[in-house]
Amino acid sequence: MNRFYMMAVTAAAATTVFAADKVDFAKDVKPILENYCLRCHGDEKPKGGLVLKTKADAVRGGDNGTALTPGNPAKSPIYTLTILPPTDDNVMPPKGEKLKKEQTDTLKKWIEAGADWPTSEVLIARKLEVASSSAADDMANVMEVHKTILAKLSEKAQADMKPYSEKIIGSEVSFEMVPIPAGEFVMGSPESEKGRKPDEGPQHKVEIEPFWMGKCEITWNEYELFQFSEEEKKRRNQRNSPAELHAQADAVARPTTPYVEMSFGMGKDGYPAISMTQHAANTYCKWLSANTGHYYRLPTEAEWEYACRAGTKTAYSWGNDIADAKDYAWFVDNSEGKYQKVGKKKPNPWGLYDMHGNVAEWTLDQYEPEAYKQFVNATAKEPWIRATKPYPHVVRGGSWDDDPEKLRSAARRFSDKSWKMQDPQLPKSIWYMTDAQFLGFRIIRPLKVPPPEELQKVWKSGVERD
Amino acid sequence: MKPENNSLALNRRSFLQTTSTVVGSALVGALSVERAAHAEGSDEIKIALIGCGGRGSGAANQALSTDGKVKLIAMADAFTDRMNGSLSELQRAKGDKVQVPEENKFIGFDAYKKAIALADVVILATPPGFRPIHFEEAVRQGKHIFMEKPVATDAPGVRRVLAAAAEAKKKNLKVGVGLQRHHQAGYLETLKRINDGAIGDIVSMRVYWNDGGVWVKPRQAGQTEMEYQMRNWYYFNWLCGDHINEQHIHNLDVANWVLTAQEKASPDEQAHPLRAHGMGGRQVRTGKEYGEIYDHHAVEYEYASGARVFSQCRHIKGCWSSVSEHAHGTKGYCDVGGHRITGPNEWRLPRGNAKDPYQQEHDDLFDAIRNNKPYNEAVRGAYSTMTSIMGRMATYSGTVVEWKDALNSEISIMPKEYDWNAQPPTLPDANGFYPVAMPGSTKVV
């Protein structure tokens, strides 16, 4: 089965929904050129005399003539050289990863359509992480972590899954995981639901495979071990934790030091970690997996809603009555203007705390308002809409700052650039969302461990830069 | 500016260099950008960025995001790599609003002069030690200015900024200072309520920047001491002024702002404390990579009305964190940064789409430039800087420091000479450790 990383849909036509009908320069073409071409065809000593900063540059071409003939892909080396066999001496890009079929098709379509390239778009080289040697090291590390995970895996089937508590190696900090059984549920909300938004429909069936989910949101106690590597090292040295236990986790990238105080005075010990980017949350999962030897990641949007509903079909996992919210969730009416310690309200039927409130939670999916339409009359199996751009990503669950309708099981929200508004720097941090003080995450651990390539995909979206 | 205005701009510049009379200054105001803006409808403002780090690049991005025609035309930095990184990011963010030809990229200690000369508006965002020098020069050349906080690292620097600020006022130059809380709607709304008496007379305030600290740039082989300090600038006082100055100024500035009405100070200057005493030290961050600055300061400031401001700033991980300001009045309490009041006049800022204060401060400055509105934040920026430096003087010396003594201090902490081979004012010992201020013996005024 095509598990997890692509949408596997029983209705045949559905997957085309997200294929780009019209090629957009800024969104589709520019990243290809900047990632794969501009390092050699930019300002400094352009190879073959060819500069690809502007459309005029490309049309003018270099030592071997034009690189781009709008309307004619066959006469555009910017395309023709990318589809040569990888072994050909003239293939572009010459080193590292070659372009994928989708990418060369995008170039072709774009050129056919006249190669729209606004004069305001002056391209610059972007560091292509996948092709760099650090990316190779990164992948090698993921392979090692994968081996460790498989070696440690003792649960073979759902029946083996029990609740457990896991200690982060080298610290006193532990967290609890709750098994979530496989099953099918109806995702989204009926039109009759109070506060419902159009993006919550149409309702459709989803199949989910078993996983464990964090009983609580990730707290600062856990997150700071990842956030501040020097502090973490000090603590494990105090505990004489052997260095070899930490080699794989130490190979994972760690956040930069924040310039502002990221808990915004709302408290640390026992309180949920907030204001991290999805990239930071993903990287935490990778680090935690390397530390513990268990496969952790963010939930997909579907997994999150499945776990939140916990078998219920009502607006909230406790029913439909807003008056009960105070027993289950920290939200605007009872939070006193800040987040609260995790796990202090009643859990949902599957034993998960704070799903509806306290802090909203990251998921893995790109936000697509009409995502559910493709699943009409179909059963989506393990759906995941993989991100192709930094915004918007799906965030689920209400927060301390929200009104009751945002606490609903089906309510969707999505990340936005404004969540980094008060980051005064350029470039903005890939680790912090200074203005998302309502945003945290919780982790899941799928029973099945996919191959290393898929681990890497869930741990690194590749679109973390704004 | 468009070509037909270039001669005007040039005339203005040469005119400025040959006269310093008040009459001349008034003329400069009349001839500055806003007049052409009215005449042309869309006059272009040329910007130079001095100091191309992450914050400088951010400020340039914001300046380039203001209404009307704006273009970045020159850049200056001590380091080529910092400039190139900044230029790439700005091109990515702002496209053809960034037009910095090779000949307008200036590197080195004197790069600022050349970049300033080419622009209508200059952004000063180097480490703060250089700010008085750069500000003075920008005013001398008759440019509108956005400068980051703090505006100096010692008292002589503050006085230079105050003198240049007076000159800027005479020349009708617009000056913004990066204390962006003044442009943040929530703060403005909260201050309005405090000034309307919502919490009565202010008895005391508590202000904090307690957090885990910032980046460290390790020493590289082949660096001169000057280059190392310039790279790892946060930990050297002549460049940074200690974190009580570099970061905590935001919160101390809010204290001065909140107390302005009660102290009957002018809003252009804001209130300032009469005296301060405090304590601080280096408890955890003791390594040589942390230069000479403290990792914590606690200062008590006394104002003329009798109000006390209790200030803490700490750079130690794993401790209680807060970046906030709180005012306690005879009728209630205000969480200034949280925009909440409790007591008889209970209030909380309604939730809504807040605007980016970093963008707003540039929108306001450029609006003032284009429409010739009075705009000079330099004096209050200098006073808030002095308030921060006075706190450092108090913790370093352990003595009670009077405002007038602090402001008039002749102790300069700046280098005598700016060159990659020149000696910075503080040097490491044989083991690489730097001398650290010792309460009880360190002299500060």
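Residues numbered from 1 in each chain as written. Chains lettered and ligands numbered in written order. Predicted model: local features only at pLDDT ≥ 70, side-chain atom pairs only at ≥ 80, totals over all residues. Heavy atoms only, no water.

1. With respect to the confidence of the model for chain B
As a reminder of what qualifies: For every residue, the pLDDT score states the predictor's confidence, bounded by 0 at the bottom and 100 at the top.
When pLDDT is averaged along chain B, the result is 91, and 91% of the positions lie at 70 or above. Predicted as a complex, the structure gets a pTM of 0.78 and an ipTM equal to 0.78.

2. With respect to the side chain of Asp 354 of chain A
Residues and elements named next belong to chain A. Stated precisely, the cut-off is as follows: To qualify as a helix, a DSSP run of H or I must reach at least 4 residues; to qualify as a strand, a run of E must reach at least 2; elements of each kind are numbered from the N terminus. Burial classes follow relative accessibility: with a 1.4 Å probe on protein chains only, a residue under 20% of its type's maximum area counts as buried, one over 50% as exposed, and anything between as partly exposed. Two residue types count as positive, namely Lys and Arg, and two as negative, namely Asp and Glu; His and chain ends fall outside the count. When a carboxyl oxygen of Asp or Glu lies within 4 Å of a side-chain nitrogen of Lys or Arg, that pair is called a salt bridge. Residue contacts follow a heavy-atom distance rule, with two residues in contact if any of their heavy atoms lie within 4.5 Å.
Mapped onto the fold, Asp 354 is located in the loop between helix H11 (325-328) and strand E7 (360-366). No salt bridge forms around the buried Asp 354; measuring N to O, its nearest opposite-charge neighbour Arg 442 is 5.6 Å away. Apart from the residues within four sequence positions on either side, Asp 354 is in contact with Glu 217, Trp 330, Val 342, Gly 343, Lys 345, Glu 361 and Arg 442.

3. Things to note about the domain arrangement of chain A
Keep this limit in mind: In this document the domain limits rely on a domain assignment from an automatic tool or a database.
Once the domains are mapped, chain A shows domain 1 (18-112) and domain 2 (135-459). One C-alpha centre belongs to domain 1 of chain A, the other to domain 2 of chain A, and the line joining them spans 38 Å.

4. Description of the interface of chain A and chain B
Short version of the rule: Put simply, buried area is the surface a 1.4 Å probe can reach on two separate parts but cannot reach once they are joined, added for both. Between N or O atoms, a polar contact is any pair within 3.5 Å; within protein, one atom must be a potential hydrogen donor and the other a potential acceptor, and residues adjacent in sequence are included only when both atoms are from side chains. Gly is placed with the polar residues, together with every amino acid not listed as nonpolar (Ala, Val, Leu, Ile, Met, Phe, Trp, Tyr, Cys and Pro) or charged (Asp, Glu, Lys and Arg).
Tallying the contact residues gives 28 residues for chain A and 37 residues for chain B. Summed over both partners, the interface of chain A with chain B buries about 2800 Å², with 51% contributed by carbon and sulfur atoms. Linking chain A with chain B are three salt bridges. A salt bridge links Arg 348 of chain B to Asp 401 of chain A; its shortest N-O distance comes to 3.9 Å. The interface formed by chain A and chain B contains nine residue pairs in polar contact (both at pLDDT 80 or more). Looking at the side of chain A that touches chain B, its residues break down into eleven nonpolar, seven polar and ten charged.

5. Quick notes on the packing of aromatic side chains
Each aromatic ring pair is summarised here by two numbers: the centre-to-centre distance and the angle between the ring planes. Residue and element names in this part refer to chain B. Filter applied, for reference: To pair, rings of Phe, Tyr and Trp, with the six-membered ring standing in for Trp, must have centres within 6.5 Å; the planes then decide the type, stacked if under 30 degrees apart, edge-to-face if over 60, and tilted in the middle. We count a charge as sitting over a ring when the NZ of a lysine or the CZ of an arginine lies within 6 Å of the ring centre and within 35 degrees of the ring normal.
Enumeration over the complete set of coordinates arrives at 42 aromatic pairs over all chains. Geometrically, the ring pair formed by Phe 236 and Tyr 434 is edge-to-face, given 4.9 Å between the ring centres and 75° between the ring planes. Of this pair, Phe 236 sits in the loop between helix H10 (225-231) and helix H11 (243-246) while Tyr 434 is found in the segment after helix H15 (403-407), placing the two residues 198 residues apart along the sequence. An angle of 45° between the planes, with centres 6.5 Å apart, marks the rings of Trp 238 and Tyr 418 as tilted. Of this pair, Trp 238 sits in the loop between H10 and H11 while Tyr 418 is found in the segment after H15, placing the two residues 180 residues apart along the sequence. A relative accessible area of 1% means that Trp 238 is categorised as buried. We classify Tyr 418 as partly exposed; its relative accessible area is 28%. Lying across the ring of Trp 215, Lys 217 places its NZ or CZ 4.7 Å from the centre.

6. Some details on the sheet that holds strand E11 (residues 322-329) of chain B
Residue and element names in this part refer to chain B. Which entries qualify depends on this criterion: Think of it this way: DSSP has to see at least two bridges between two strands before they count as a pair. Each axis is a line fitted through C-alpha atoms, and for a helix only the stretch in contact is used; angles between axes span 0 to 180 degrees, taken between their N-to-C directions.
One open sheet accounts for nine strands, arranged E14-E13-E12-E11-E7-E10-E9-E8-E15; its pairing is mixed. Single-partner strands in this sheet number two, and they are strand E14 (347-348) and strand E15 (401-402). Both strand E9 (residues 296-302) and strand E10 (residues 308-315) contribute to a ladder of seven bridges, which runs antiparallel. Note on E10: the bridge partner recorded for His 296 is Arg 314. The strands that helix H12 (residues 249-259) touches are strand E7 (202-211), E9, E10 and E11; relative to E7, the one it contacts most, it runs at about 165°.

7. Observations regarding unusual backbone geometry
Backbone phi values are negative for most residues with the exception of glycine, while trans is the configuration of most peptide bonds. Cis peptide bonds are those with omega within 30 degrees of zero, and the linkage from Gly 201 of chain A to Pro 202 of chain A qualifies with -5°. With omega at -5°, the peptide bond leading from Leu 426 of chain A into Pro 427 of chain A counts as cis. Along the polypeptide, Pro 427 of chain A turns up in the loop between strand E10 (412-414) and strand E11 (439-440). If you check the backbone angles, Ala 115 of chain A has positive phi at about 55° while not being a glycine. In this fold, Ala 115 of chain A is placed in the loop between helix H4 (101-112) and helix H5 (133-152). When its relative accessible area of 0% is taken as the criterion, Ala 115 of chain A is described as buried. Despite not being glycine, Asp 242 of chain B shows a phi value in the positive range, around 75°.

8. Considerations on helix H5 (residues 80-94) of chain B
Using the following cut-off: By this rule, a helix spans an expected 1.5 Å times one less than how many residues it contains.
Taking 1.5 Å as the rise per residue, H5 of chain B with 15 residues should run 21 Å; its terminal C-alpha atoms sit 21 Å apart, in good agreement. Buried within H5 of chain B are the following residues: Met 83, Ser 86, Leu 87, Glu 89, Leu 90, Gln 91 and Arg 92 of chain B.

9. Observations concerning the pattern of salt bridges
Residues and elements named next belong to chain B. If you walk through the whole model with that rule in mind, you get 57 salt bridges over all chains. A salt bridge links Glu 189 to Arg 193, with the nearest nitrogen and oxygen atoms 2.5 Å apart. Here Arg 193 and Glu 189 lie together in helix H9 (residues 185-195), a separation of four residues that amounts to about one turn. Given a relative accessible area of 28%, Glu 189 falls into the partly exposed group.

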